[in-house]
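Chain residues, written in single-letter form:
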Amino acid sequence: MADAFYVPRGEGRYSATAHTAGPWSSESQHFGPPSALLVRALETVEPAHPAELARVTVEILGPAPVAELTVRARVERPGRSVELLQAELASAERVVARASAWRVATSDTAEIATDGGPMLPAPDSVTESPWPEGWQSGYLDAVEWRAVRGGMDVPGPAAVWARQRVPLVDGEEPSGLQRLFTVADSGNGVSNFLDPRQWWFINSELTVHVRRVPEGEWIGLDAVTLVGRHGTGTATSILHDASGPLATGAQALMVRPRQAGGG
């Protein structure tokens, strides 16, 4: 197995390795790596002028198998100041995810930039955190997790640092946004308060609003999960790098007892 989440096969095709396997099933990927692969495709769409991604939404249309995937991206609506991009991830003939992104022309706003809020303690000041019983390895072992508050094995809101142990694509250094999206889909896992052996709490989408591109290997997640009375919930995250908060993430959740089926 290659020491990466994906091995490139040419012409937009990528073979997923066992590092992508999610906690619910060894046959389906955690959607962190697929989200990052979609962002990587969006980054390859050449802008007509200097621009940055301001918002990315990943719609999860079905499980992404640990197999070969095809990804492609395009400009959906061009514009001088703001443009809409689209990306699609497919397994064989089945589309498993679509991403839409607003890309905004850059300008100098340093003079009026706002403080993102309190910083998390540095990653080297906290210790590695385990995952709860009942979840399978793969993606979880391919990322280093360090708990600042709470922890993945402690029910409830939590703040953690995460660092990829392997590249997104074999032979490449991940971009800052690729690192961000590899981790951003873990908000519901980090802040879960339900026993994963008894409950499903699976997200159907991921939306991230980005103020700046992260720097460095570590991405921080300060996350909370809330559940309503009729099987829906939300997981929201403040995303950090070593310089402070830089983005917000949100996931819509399907919540139900596991014996009721996966939906």
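Computed from a prediction, not measured in an experiment: that's the story for all the values here.

Reading the values: rules and limits
- Residue positions are given per chain, counted from 1 along the sequence in the order it is written.
- Owing to the predicted nature of the model, reporting of local features is limited to residues with pLDDT of at least 70; listing and counting of side-chain atom pairs is limited to 80 or more, with chain, interface and lining totals taken over all residues.
- The side-chain figures draw on all heavy atoms in the structure; neither hydrogens nor water molecules are used.
- Helix numbering and strand numbering both begin at the N terminus, where a helix is a DSSP run of H or I of at least 4 residues and a strand a DSSP run of E of at least 2.
- This radius of gyration counts C-alpha atoms alone. The globule rule is 2.2 Å times how many residues there are, raised to the power 0.38.
- For every residue, the accessible area (1.4 Å probe, protein chains only) is compared with the maximum for its type, and the residue is labelled buried under 20%, exposed over 50%, or partly exposed between those bounds.
- Put simply, buried Ala, Val, Leu, Ile, Met, Phe, Trp, Tyr and Cys residues joined by side-chain atoms within 4.5 Å make one nonpolar core.
- The contact definition used throughout considers only heavy atoms, calling two residues in contact when any of these lie within 4.5 Å.
- At least two DSSP bridges between two strands are required for those strands to pair.
- By convention in these notes, a salt bridge is any Lys or Arg side-chain nitrogen within 4 Å of a carboxyl oxygen on Asp or Glu.
- For a helix, the expected span equals 1.5 Å multiplied by the number of residues minus one.
- Pairs were defined over the aromatic rings of Phe, Tyr and Trp, the Trp ring being its six-membered one, requiring ring centres within 6.5 Å. Orientation was assigned from the angle between planes: stacked under 30 degrees, edge-to-face over 60, tilted for the rest.
- In this scheme, the term charge over a ring applies when either NZ of a lysine or CZ of an arginine sits within 6 Å of the ring centre and within 35 degrees of the ring normal.
- For the purposes of these results, a polar contact is taken to be a pair of N or O atoms within 3.5 Å, where, inside protein, one atom must be able to donate a hydrogen and its partner to accept one; residues adjacent in sequence count only when each atom of the pair is a side-chain atom.
- Axes, fitted as lines to C-alpha atoms, cover a helix only where it is in contact. Angles between the N-to-C directions of the axes lie from 0 to 180 degrees.
- Roughly parallel covers angles under 35 degrees, roughly antiparallel covers those over 145, roughly perpendicular covers 65 to 115, and oblique covers all other angles.
- Crossings are assigned a handedness: left-handed for a near helix turned anticlockwise from the far helix by less than a right angle, right-handed for a clockwise turn.
- Note that Gly is not counted as nonpolar here; it falls among the polar residues with everything else outside the nonpolar set of Ala, Val, Leu, Ile, Met, Phe, Trp, Tyr, Cys and Pro and the charged set of Asp, Glu, Lys and Arg.

### Some remarks on the overall build of the chain
Counting its regular elements, the chain contains 4 helices and 13 strands. What you see for the chain is a C-alpha radius of gyration of 18 Å, in line with the 18 Å of a compact globule of 263 residues. When its C-alpha atoms are laid out on the principal axes, the chain stretches across 50 × 45 × 40 Å. The buried share among the 263 residues of the chain stands at 49%.

### Examining the nonpolar core
Judged by nonpolar contacts, the single largest core of 61 residues is most densely connected at V56, W145, L180 and V208. Looking at this core, the element that brings in the most residues is helix α1 (residues 32-43), giving 6 residues. The residues touching L180, leaving out its near neighbours within four places in the chain, are V208, V210, P214, I219, L239, L246 and A247. With 5 residues, the next largest nonpolar core counts L120, V126, A159 and W218 among its residues.

### Here's the deal with the pairing of strand β2 (residues 13-16)
Along a regular strand, successive side chains alternate from one face of the sheet to the other. Here strand β1 (residues 6-10) pairs with β2 via 4 bridges, running antiparallel. The residue of β2 that forms the bridge with P8 is Y14. Adjacent in sequence and paired antiparallel, β1 and β2 are bridged by 2 residues, among which E11 carries a positive phi angle near 55 degrees. Alignment of β2 against strand β4 (residues 68-77), held across 3 bridges, turns out to be antiparallel. Looking across to β4, one finds that S15 is bridged to E68.

### Considerations on the pattern of salt bridges
Counted by the stated rule, this structure contains 14 salt bridges. When the shortest N-O distance is used, the salt bridge between E144 and R146 registers 2.9 Å. A single burial state applies to E144 and to R146, both of which are buried. Note that R179 is salt-bridged to E173, the shortest N-O span being 2.7 Å. Residue classification places E173 among the exposed residues on the basis of a relative accessible area of 63%. A single network of salt bridges, built from pairs that share partners, joins E144, R146, R163 and E217.

### Looking at unusual backbone geometry
Most peptide bonds are trans, and most residues other than glycine sit at a negative phi. Unusually for a residue other than glycine, E11 sits at a positive phi of about 55 degrees. Within the element layout of this structure, E11 appears in the loop between β1 and β2.

### Digging into α1
Taking 1.5 Å of rise per residue, 12 residues should cover 16 Å, and α1 covers 17 Å from first to last C-alpha, within 8% of that figure. In terms of residue burial, α1 counts as a mostly covered element, since 11 of its 12 residues are buried. Taken as a whole, α1 has its buried residues at G32, P33, P34, S35, A36, L37, L38, V39, R40, A41 and L42.

### Some remarks on the packing of aromatic side chains
This structure, assessed with the given rule, holds 4 aromatic pairs. On the numbers, 6.1 Å between centres and 65 degrees between planes, the contact of Y139 with W145 is edge-to-face. Members of the aromatic cluster, connected to one another through ring pairs, are F5, Y139 and W145. The positively charged end of R258 is found above the aromatic ring belonging to W200, 4.1 Å away from the centroid.

### Structural notes on helix α3 (residues 176-184)
In an α-helix, one full turn covers 3.6 residues, which means residues spaced three or four apart are oriented alike. Counting buried positions along α3 gives 9 out of 9 residues, so the element sits mostly inside the fold. Among the residues of α3, G176, L177, Q178, R179, L180, F181, T182, V183 and A184 are the ones counted as buried.

### Quick notes on the environment of G189
Mapped onto the fold, G189 is located in helix α4 (residues 187-190). Here the alpha-carbon distance between G189 and M152, two residues 37 residues apart in the chain, equals 7.0 Å. With near-sequence residues (within four places) excluded, G189 lies in contact with W131 and W135.

### With respect to the side chain of Q29
Relative to the elements of secondary structure, Q29 occurs in the loop between β2 and α1. On the basis of relative accessible area, Q29 is assigned to the buried category, the value being 7%. A distance of 2.9 Å separates a polar side-chain atom of Q29 from the backbone oxygen of P65.

### Details of the packing of α1 against α3
The description of two helices packed together rests on the angle between their axes and the distance between the axes. At a closest axis distance of 7 Å, the pairing of α1 and α3 adopts a crossing angle of 155 degrees. Relative to α3, the element α1 lies roughly antiparallel. Taken as a pair, α1 and α3 cross one another with a handedness that is right-handed. The segment α1 lies against α3, with G32, S35, A36, V39, R40 and E43 engaging L177, Q178, F181 and T182. When its residues are assigned to classes, the contact of α1 with α3 shows 4 nonpolar, 4 polar and 2 charged.

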